[in-house]
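Structural overview for review
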Amino acid sequence: MSVSIELTTPITGTYKQPTGLFINNEFVEGVDKKTFEVINPSTEEVICSVSEATEKDVDIAVAAARKAFDGEWRRTTPHQRGIYLLKLAEILEKNIDLLAAVESLDNGKSITMARGDVGAVVGCIRYYGGWADKVEGKTIDISPDMFHYTRQEPLGVCGQIIPWNFPLLMLAWKIGPALATGNCIVMKTAEQTPLSALVLAQFVKEAGFPAGVLNIISGFGKVAGAAISSHMDINKVAFTGSTAVGRTIMQAAAASNLKKVTLELGGKSPNIVFNDADIEEAIGWVNFGIYYNHGQCCCAGSRIYVQEGIYDKFVEAFKKRAEENKVGDPFHEETFQGPQVSQLQYDRIMGYIKSGKEEGATVVTGGERHGDKGYFIQPTIFADVKQDMKIMQEEIFGPVCAIAKFKDEDDVIQLAHDTPYGLAAAVHTKSLDTAIRISNALRAGTVWVNCYNQLHFALPFGGFGESGIGRELGEAALANYTETKSVAIKLSGKLL
């Protein structure tokens with residue numbers, strides 16, 4: 001079987017798509033030569049087939065990573081690690097249209113948003129390239145006849161499992177800090193969206209990374225993901241995805257070699273609009289907060305709480321704004337919302353819409369399929385939603401939001417905290433006092449004020465409660481991939 005195929009996109013024309021497993025700087029078939037189909041969510045047609053990694057392939061990838069970590073990568077200076085990351089960022093920047101087009105092809109996100117994602121990928125990898133030679137220990141003055149210091153050392157081989165909603169961006173968030181701190185990686189991409197990571201993989205060797213440092217495999221969670229989580233020679237696993245799967249990964253990590261775990265999980269984030277907010281501005285951000293990336297965003301502002309003084313006016317204006325969103329072909333420049341990623345996800349979202357209708361919430365707009373081909377769903381607003389309704393309590397992960405009234409600050413804080421999640425939140429108000437008071441009171445890893453989804457690779461991101469463990473991005477992410485070693489040297493004198 002060939003490990004590449006020629007595909008075509010409206011942006012790139014014909015391009016070469018790798019389809020093998022990227023192990024030891026080469027594309028290879030899986031040991032069992034299994035493959036699986038990748039579906040275009042815009043047309044519901046098969047794009048191509050790619051190699052499927054099994055437990056045997058995970059073993060091979062881990063062995064390659066271990067050999068690199070114990071060999072050439074351990075001898076590579078931090079400065080040189082940074083050079084490799086900066087070179088990779090430079091190559092990706094030159095290929096932004098290719099990467100964005102492939103992202104739109106198998107994920108379905110609009111080409112405009114895909115370009116934004118790849119730009120953020122470049123920035124993230126470049127940022128961690130700058131950190132590579134700045135991971136430092138400390139000297140600690142304890143006694144005049146002793147020299148004490150600490151070292152921040154890499155963990156070793158890291159398993160990383162990324163989701164389908166931001167395939168390239170989540171890859172960058174994971175590999176940046178891991179490689180900067182000197183680890184080696186076995187990454188499993190989501191089975192729905194393996195193509196863009198495989199395109200990126202072909203640039204890893206070109207950037208100069210030694211063989212085995214970064215291995216990227218395609219496969220299913222129950223096979224390859226489970227093998228990574230329970231592997232006895234993987235030192236740490238990082239996962240982005242659902243809370244249910246995160247629990248399974250923690251159990252596997254504990255039952256195997258007690259590998260370290262970081263998890264970026266689900267959310268049901270409150271987006272709070274006060275009476276004094278600039279309604280026009282707030283509606284723009286609320287719209288972006290829920291419909292960005294087709295609602296397939298862990299921090300989506302899916303619970304919208306509007307103070308009762310402006311509730312009716314807000315709902316009417318938000319309806320108009322949501323209906324202006326362009327839904328359709330992701331390769332059209334004006335498209336804002338493409339299809340959901342898969343039939344399974346489409347069915348799941350439509351199930352929640354049905355539940356909202358049956359429980360008595362008011363459909364303000366949407367609530368149906370868009371078109372007759374592809375996994376497209378109309379931007380949907382439910383109003384007058386009660387707190388115990390399923391659409392207010394559970395993560396939908398689609399273009400569906402639930403709106404409810406609140407009376408005052410105490411009321412909305414109680415409503416906002418009526419969830420096991422704590423990933424993100426937002427506050428819209430003209431009052432600085434209100435903004436700071438509510439931001440401080442909210443139990444969420446990120447709070448936006450008068451905006452939404454304003455993420456940056458220099459700012460830590462992660463959740464409270466069932467939204468995860470640890471932080472991604474910023475300096476904080478480096479701690480996820482290092483261990484502290486204390487060294488105590490006796491300078492003189494005898495043992496007392």
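Residues numbered from 1 in each chain as written. Predicted model: local features only at pLDDT ≥ 70, side-chain atom pairs only at ≥ 80, totals over all residues. Heavy atoms only, no water.

1. Structural notes on helix H12 (residues 343-358)
Rule in force here: The way it works is that DSSP assigns letters per residue, a run of H or I at least four long becomes a helix, a run of E at least two long becomes a strand, and they are numbered from the N terminus. The length a helix should cover is 1.5 Å for every residue beyond the first. Remark: exposure states derive from per-residue accessible area (1.4 Å probe, protein chains only) relative to the maximum for the residue type, with buried under 20%, exposed over 50%, and partly exposed in between. Note on contacts: a residue pair is in contact if any heavy atoms of the two residues lie within 4.5 Å.
In this model, H12 (16 residues) spans 22 Å end to end at C-alpha, consistent with the 22 Å of a helix rising 1.5 Å per residue. For H12, every residue scored as buried is listed here: Gln-345, Tyr-346, Ile-349, Met-350, Tyr-352, Ile-353, Ser-355 and Gly-356. Here the buried face of H12 lies against strand E17 (380-383), helix H13 (390-393) and strand E18 (400-406). Once H12 ends, the next one or two residues include Gly-360, with phi positive near 100°.

2. Remarks on the sheet that holds strand E21 (residues 446-449)
As a reminder of what qualifies: At least two DSSP bridges between two strands are needed for those strands to be called paired. Interaxial angle, 0 to 180 degrees, is taken between N-to-C directions of lines fitted to C-alpha atoms, where a helix line uses only the stretch in contact.
If you walk across this open sheet you meet the 7 strands as E16-E17-E18-E15-E14-E20-E21, and the pairing is mixed. Two strands close off the open sheet at either side, each with one partner strand: strand E16 (362-365) and E21. On average, each strand axis in the sheet is tilted by 25° relative to the strand beside it, whichever way the strands run. Sheet topology note: the strand E14 (residues 270-273)/strand E20 (residues 424-428) ladder contains 3 bridges and is parallel. Residue Val-273 lies in a different strand from E20, and its bridge partner there is His-428.

3. A look at the packing of helix H10 (residues 279-291) against helix H11 (residues 311-322)
For clarity, the cut-off: By definition in this entry, angles of less than 35 degrees are roughly parallel, angles greater than 145 are roughly antiparallel, angles of 65 to 115 are roughly perpendicular, and the rest are oblique. Crossings are assigned a handedness: left-handed for a near helix turned anticlockwise from the far helix by less than a right angle, right-handed for a clockwise turn. Residue polarity is assigned by list, with Asp, Glu, Lys and Arg as charged and Ala, Val, Leu, Ile, Met, Phe, Trp, Tyr, Cys and Pro as nonpolar; anything else, Gly included, falls into the polar class.
At their nearest, the axes of H10 and H11 sit 10 Å apart, and the two run at 55° to each other. In terms of orientation, H10 and H11 fall into the oblique class. The element H10 and its partner H11 pack so that their crossing is right-handed. Here Ile-279, Ile-283, Val-286, Asn-287, Ile-290 and Tyr-291 of H10 lie close against H11, whose contacting residues are Lys-313, Phe-314, Ala-317, Phe-318, Arg-321 and Ala-322. Taken together, the residues that form the contact of H10 with H11 break down as 9 nonpolar, 1 polar and 2 charged.

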